[in-house]
Amino acid sequence: MSTIEISPSPADEGIAQQQVVNDFSIQVATVNGSGSQTANLVLMRSIFQMGIPVSGKNLFPSNIQGLPTWFTIRASKHGYTARKKEIDFLVAMNTETANEDVMNLESGAAVVYDEPLKLNQLRSDLHFYPVPFDKLVAPVCPQPKLRKLVRNMIYDGVVGRLLGIDLEEIRKALFKQFGARKVKAAELNWGAVLAGAEFTDKNLRKSDPCRVERMNATAGKIIIDGNAASALGAVFAGVTVVTWYPITPSSSLVETMIDYLRRLRIDKETGKPTYAVVQAEDELAAVGMVIGAGWAGARAMTATAGPGISLMSEFVGLGYYVETPAVIVDVQRVGPSTGLPTRTQQGDMLATAVLSHGDTRHPMLIPCNPKECFSMASEAFELAEQFQTPVFIMSDLDLGMNNWMSDPFDYPTEPICRGKVLSAEDLDRLGGFARYKDVDGDGVGYRTLPGTRHPAAAYFARGSGHNERAQYSERPDDYVNNMDRLARKFETMRRFVPKPETEINERASIGVICYGTSREATLESRDQLRNEYGVETSYQRLRSYPFTPEMTEFLERHARVYVIEQNRDAQMLQLMRMELSPELIGKLRSVRYYGGLPIDARTITDEIVLQEGL
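From a predicted model like this one, the values you see are computed outputs, not experimental measurements. Every chain's residues receive numbers from 1 upward, in the order its sequence appears when written. In view of the model being predicted, local features appear only for residues whose pLDDT reaches at least 70, and side-chain atom pairs are presented and counted only at 80 or more, with totals across whole chains, interfaces and linings using the full set of residues. Water and hydrogen atoms were dropped before computing side-chain values, which therefore reflect all heavy atoms in the structure.

It is not clear to me how the pattern of salt bridges should be interpreted in this structure. Could you clarify?
Two side chains carrying opposite charge are able to pair once their charged atoms lie near each other. Whenever Lys or Arg places a side-chain nitrogen within 4 Å of a carboxyl oxygen from Asp or Glu, that contact is recorded as a salt bridge. The full count for this structure, using the stated rule, is 44 salt bridges. Between Glu372 and Arg541 there is a salt bridge, and its shortest N-O distance comes to 2.9 Å. Taken as a pair, Glu372 in helix H14 (residues 370–387) and Arg541 in strand S19 (residues 537–542) lie far apart in primary sequence, 169 residues in all. In terms of burial, Glu372 and Arg541 fall into one category: buried. Taking the shortest distance from any N to any O, the salt bridge between Glu501 and Arg519 comes out at 3.0 Å. Taken together, the positions of Glu501 in strand S17 (residues 501–503) and Arg519 in helix H18 (residues 518–533) put the pair 18 residues apart, joining distant regions of the chain. Using a relative accessible area of 17% as the deciding quantity, one classes Arg519 as buried. Secondary structure elements are defined from DSSP: runs of H or I of at least 4 residues count as helices, runs of E of at least 2 residues count as strands, and each element is numbered from the N terminus. Only protein chains enter the accessibility calculation, which uses a 1.4 Å probe; a residue is then buried when its area is under 20% of its type maximum, exposed when over 50%, and partly exposed in between.

What is the right way to look at the sheet that holds S17 in this model?
Whether parallel or antiparallel, the strands of a sheet pair through hydrogen bonds between backbone atoms. The five strands lie next to each other as S17-S19-S18-S21-S22, forming an open sheet whose pairing is mixed. Whereas interior strands pair on both sides, the edge strands pair on one side only; in this sheet they are S17 and strand S22 (588–592). Between one strand axis and the next, the sheet turns by 20 degrees as a mean value, whatever way the strands run. Note: two strands are recorded as paired if DSSP finds a minimum of 2 bridges between them. Two elements, strand S18 (residues 510–515) and strand S21 (residues 560–565), share four bridges in a ladder whose sense is parallel. Looking across to S21, one finds that Gly511 is bridged to Val561. Contacts from H18 reach S17, S18, S19 and S21 within the one sheet, and its direction differs from that of S19 by about 180 degrees. For helices, the fitted line uses only the C-alpha atoms of the stretch in contact; every axis is such a line through C-alpha atoms, and the angle between N-to-C directions lies from 0 to 180 degrees. Contact criterion: two residues are considered in contact whenever any of their non-hydrogen atoms come within 4.5 Å of each other.

Where do I start with the side chain of Thr243 in this structure?
Checked against the element boundaries, Thr243 lands in strand S10 (residues 241–244). Those residues within four positions of Thr243 in sequence are excluded, and the remaining contacts are Val278, Ala286, Val287, Met289, Val290, Met301, Thr302 and Ala303.

Sorry if this is basic, but what is going on with the pairing of strand S6 (residues 110–114) here?
Looking along a regular strand, one sees side chains alternate from face to face of the sheet. Burial analysis of S6 places five of its five residues in the buried class, which makes it a mostly covered element. The alternating pattern of S6 places Ala110, Val112 and Asp114 and Val111 and Tyr113 on opposite faces, both of which are buried. Where strand S5 (residues 89–92) meets S6, four bridges bridge the pair, whose relative direction is parallel. The residue bridging Val91 from the neighbouring strand is Val112, located in S6. With the strands aimed away from the viewer, a crossover counts as right-handed if its path from the first strand over the helix to the second runs clockwise. You can see the chain leave S5, run along helix H2 (residues 98–103) and come back into S6, and the turn it takes is right-handed. Strand direction decides the pairing type here: S6 and strand S7 (residues 127–131), joined by five bridges, are parallel. By the bridge assignment for S7, Val112 is matched with Tyr129.

Looking at this structure, I do not really get the packing of aromatic side chains. What am I missing?
Geometry of an aromatic ring pair is reported as the spacing of the ring centres plus the angle between the planes. By convention, a stacked pair of Phe, Tyr or Trp rings (six-membered ring in the case of Trp) has centres within 6.5 Å and planes under 30 degrees apart, an edge-to-face pair has planes over 60 apart, and any other such pair is tilted. All chains considered together, the criterion is met by eight aromatic pairs. Note on Phe387 and Phe496: the rings are 5.7 Å apart at their centroids and 65 degrees apart in plane angle, and the pair reads as edge-to-face. Linking Phe387 in helix H14 with Phe496 in the loop between helix H17 (476–493) and S17, this pair joins segments that are 109 residues apart in sequence. Here the aromatic cluster, defined as three or more aromatic residues joined through ring pairs, consists of Phe236, Phe374, Phe409 and Tyr411. We count a charge as sitting over a ring when the NZ of a lysine or the CZ of an arginine lies within 6 Å of the ring centre and within 35 degrees of the ring normal. The ring of Trp404 carries the charged tip of Lys57 above its face, separated from the ring centre by 4.1 Å. Positioned above the aromatic ring of Phe175, the side-chain terminus of Arg171 is 5.5 Å from the ring centre.

Is there a simple way to explain the layout of surface pockets in this structure?
Over the atoms rolls a probe the size of a water molecule, and its path tells where empty space is left. Roughly 730 Å³ of internal volume is contained in the largest pocket. In this analysis, the protein atoms alone were mapped onto a 1 Å grid. Cavities are point sets where a 1.4 Å probe fits without being able to get out; pockets are open sets with protein on both sides within 12 Å along at least five of seven lines; lining residues have an atom within 4 Å of a point. Along the wall of the largest pocket there are 28 residues; nearest its centre are Lys371, Glu372, Phe374, Ser375 and Asp410. Residue assignment for the lining of the largest pocket shows that the elements contributing at least two residues are H14, strand S16 (404–406) and H18. Of the residues forming the lining of the largest pocket, the biggest block, seven residues, is contributed by H14. Grid points are joined across faces, edges and corners, and a volume is the space filled by probe spheres set on the points.

Here you go:
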């Protein structure tokens, strides 16, 4: 092969470049359905295996195939895992978006592209690397039908060589991705990687500053998505009934859980499953089954997204009023209506907190990473049974479907607690009980499970007005007493829900509050504010609703507090307003991003700088 001339770059023009080591983002622009996901995951994992902190964000369309898709890999020696706003290294494989993708890059970025696209004619301030993908894939893959899938692996070889990724790490990641059952497919794709690497060695001259060097910052860590972590957490929490209706982006949670249940929940003596998974006709039916199973004594859950939450409203109100345990995982996406079903948002917070008609308030747990997805599954089931109420786990698409570097999960060691459940022996000793009577002052009544062999055991749940003994009643005082007790129960929850993650900076008059997946961008933004503007901040991440006293204490310590969230209407801030005094409300400021991409640090920094008048 003859050497390909690379378009003029800043380096070629004599502009001094500083090496950028382990601190850049790669964006791969391809077509949905082209098989690029495997190549992207292999590329990301190979960097991870070199000990470099890494994260992956997949931006894909809501159709099956044919539309543009982007996968962003961020390598950060500082451990930042939020989406980076700037793209440093582009792999342009989509003819429809290639020109726009290139024009959106900042000066000095690198571009690997399919040679026929001639992208090097668009700009002179980028580092261009043309690659004849079709010519390279033909000898590697004799079957024309497979070439569309195999050709993507060529850019793994090209990018690996340009960045200095150890090819052996790419090989290990590739064979891990395909697994033991697909060795031949892995070998075919490995040939494509080698073809790309060989072409790069012979024909491309490195001119961009990005490269990798081995670190030791990923030892003992894993890569996993939040949906898989939630599924595993629910299995370890003792779930026995799972109902669902498929909806993006929560479907993979139950699909993964089914795999775990088949491996871990089979009776060793009979060989029969000790669980039930039911695909319902819609989300309303799914949560109705969960309410029924929870009332019957099962640990039951469902997973859904915003549209499903809307449909579940009436049954969730029933669960709240008859006081039945249930766990609902909401993997939030962009709304309203169908919205952007494959984009991320924190858009269900306000609606879920008060879901259903009448006066209702529901506890919400808000994980920020896969490890919390795992642990909060157990916490949700414990809270649901302790307080006999539906509990929501508020994940989102970014957390649920994207790849996160995580510490290993802690094996649960605490025994399962079923809450205030009376046995037949308890009823013999007590002589009876009143289902909705507040005996202990915490707002939580005692219950019995259906099938308890005692004449005083409850066998009926009423969704209409009732008194302490679960008898039908429309008396105003019975209704008020019942609703006041439910409110008292919600207040009791404040002592048991997960407390916020807080870092107080004694030099800071400004505080930032975030929740969920806004955490990583917020932490990075704090460093930007300190390093670039000399602005010191304190930090708090809310992990649950109802709010705990730590949130009020944080507000009292600071002159201004920025609430960072991913929705248009500042939904968490609105929930805070419902509880705070006018003095504390006056301290609140809002930083919002709701474009559907995971929030980035620069967006937060720029907005705080603007509002601070800097």
